[in-house]
Amino acid sequence: ITKKKEDRCKHEFEIVICHANVIRYFLCRALQIPPEAWLRLCTFNCSLTYLTIRPTGTVSCRMLGDIGHIPYGMSTFSMH
């Protein structure tokens, strides 16, 4: 069975908008590190986090807390 190129190269994206604590906790679970480690991760407000989940189930963090889309003077940080 030969699949069309469009079927082989299909990518799916899920966008989750939530509090940074939820993102840090989810990141720890996805990377299979102790959930308590989220307390050692810090992110800026309105930052972007990007995870890749491969068909094999392996997970990589491609980006954590990126604020490149926000002008420097407008970025804010929350101490947790």
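Right above here is the structure, for reference.
This is a predicted model, so every value here is computed, not measured. (Residues numbered from 1 in each chain as written. Predicted model: local features only at pLDDT ≥ 70, side-chain atom pairs only at ≥ 80, totals over all residues. Heavy atoms only, no water.)

1. Quick notes on the packing of aromatic side chains
Then, in step 1: One pass over the structure, following the stated rule, counts one aromatic pair.
Then, in step 2: Look at phenylalanine 44 and phenylalanine 77: their rings are 5.4 Å apart centre to centre, the planes differ by 70 degrees, and that puts the pair in the edge-to-face class. With a gap of 33 residues between them, phenylalanine 44 in the loop between helix H2 (20–30) and strand E1 (48–53) and phenylalanine 77 in the segment after strand E2 (59–66) connect regions that are remote in the sequence. (Phe/Tyr/Trp six-rings, centres within 6.5 Å; stacked < 30°, edge-to-face > 60°. Helix = DSSP H or I, 4+ residues; strand = E, 2+ residues; numbered from the N terminus.)

2. Some thoughts on H2
Then, in step 1: Burial in H2 covers these residues: Arg24, Leu27, Cys28 and Ala30. Down the axis, H2 shows its buried residues gathered within 165 degrees of arc, on one side only.
Then, in step 2: Looking at the packing, one finds that the buried side of H2 touches E1 and E2.
Then, in step 3: Looking one or two residues beyond H2, the residue adopting positive phi is glutamine 32, at roughly 60 degrees. (Buried < 20%, exposed > 50% of the residue type's maximum accessible area, 1.4 Å probe, protein only. Arc of directions from axis to C-beta. Contact = heavy atoms within 4.5 Å.)

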